[in-house]
Amino acid sequence: MVFFFSCAAAMAFPPAPHYTLYGIVRDQVGQRVTAEGAEVVLLRGSAEIGRIVDKEGWPMKTALREIAEIHTGDFRLTPSQNLSISGVTAEQKPHIEAILAKHGLDKENDRSGLRLNALSRVALPTCGLALAESERALPETLEKFEAVLDENGLRHDAISIRITGCPNGCARPYLGEIGFVGKAPNKYALYLGARYDGTRLNRLFSPSTTIDGAVEMLRPIIKRYALERQSGEGFGDFCDRVILPADATFHSVGTPVAA
Ligand code: SF4
């Protein structure tokens, strides 16, 4: 039996958009009230990467277990490695806040904009594909960049930094305003220029550098960003407009721009 169908009928549908923007790309860290009137307390999943563990001075797992015993709403994990305690009732709220305070976790969201937007993946020693450190390199990396941001009054600017142990890019480094992709022990390809909302990929800035080398390369760029950025311009947009050569691509650093 032979079936026929009409292409004209199939093409009557408009092509689907290749992506949808939801309007919110940044987790609203802190406390807020949703459209349904429920309280949400959003926490970083951990100090740097979305792990719920107990560490010395940071008993997040214990605190969440205590909250779970009284909380009647949801726990939601976000794509940005944050945790949302959602649907908190007015009666539960002071108890949940007291649990967080008891464990010293009530200031978890009072962190630099860079740290609140940082993502990494496990890499070494967990992932057999890792070529470089990622999760274990992130804390020190953040400290070094935070010092540079502090020097330039940018502590609370939301800048996305992402680091992965290999080009598979599980933490989506190609959408980071600063993206590190592991190539070898302590060697990373450095990418700049993605748009914060994820609608533009970054481009190669250095094919191979150490973290310390990247800090030194970006120090003058961060300073220029603080002094020369346009109103509301994100770090990725600034790098795309001013820093990256026009012919830089995902694979090539392009022709250097005169300073
Ligand atoms: S980015 Fe690579 S090294 Fe990191 S978790 Fe994914 S596959 Fe493993």
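This text goes with the structure placed above it.
Quick notes on the rules
- Residues numbered from 1 in each chain as written.
- Predicted model: local features only at pLDDT ≥ 70, side-chain atom pairs only at ≥ 80, totals over all residues.
- Helix = DSSP H or I, 4+ residues; strand = E, 2+ residues; numbered from the N terminus.
- Buried ≥ 20, exposed ≤ 12 C-beta atoms within 10 Å, placed from the backbone.
- Contact = placed C-beta atoms within 7 Å.
- Pairing = 2+ DSSP bridges.
- Core = buried A, V, L, I, M, F, W, Y, C linked by C-beta atoms within 7 Å.
- Expected span 1.5 Å × (residues − 1).
- Bend = angle between axes of the 7 residues up to and from the residue.

**Thoughts on the overall build of the chain**
Point 1. Counting its secondary structure elements, the chain contains 7 helices and 11 strands.
Point 2. Relative to its full complement of 259 residues, the chain shows a buried share of 34%.
Point 3. Taking the intrachain contacts of the chain between residues at least 6 apart in sequence as the baseline, contacts between residues at least 24 apart amount to 56%.

**Quick look at the sheet that holds strand β7 (residues 119–120)**
Point 1. A sheet is described by the order of its strands in space; here 5 strands give the open sequence β7-β8-β9-β10-β11, paired in mixed fashion. One side of each edge strand has no neighbouring strand; the edge strands of this open sheet are β7 and β11 (203–209).
Point 2. In this structure, strand β10 (residues 187–192) lies alongside β11, joined through 4 bridges in antiparallel fashion. Bridged to Tyr191 within β11 is Leu204.

**Details of the nonpolar core**
Point 1. Counting residues in each nonpolar core, the largest one holds 38 residues, and the members touching the most others are Leu114, Ile161, Leu190, Tyr191 and Leu192.
Point 2. Taken together, the elements giving at least two residues each to this core come down to α5 (138–151), β8 (161–164), β9 (178–184), β10, β11, α6 (211–228) and α7 (235–243).
Point 3. Ile161 has contacts with Leu114, Asn117, Ala118, Phe145, Gly176 and Ile178, leaving out every residue within four places of it along the chain.
Point 4. Counting 9 residues, the second-largest nonpolar core is a separate cluster that includes Ile67, Ile85, Ile96 and Leu100.

**Observations regarding α6**
Point 1. Between its terminal C-alpha atoms α6 stretches 25 Å, which fits the 26 Å expected from 18 residues at 1.5 Å a residue.
Point 2. If you look at α6, its biggest bend is around 35 degrees, right at Leu218, and the proline Pro220 turns up within four residues after that.
Point 3. Among the residues of α6, Ile211, Ala214, Leu218, Ile222 and Tyr225 are the ones counted as buried.

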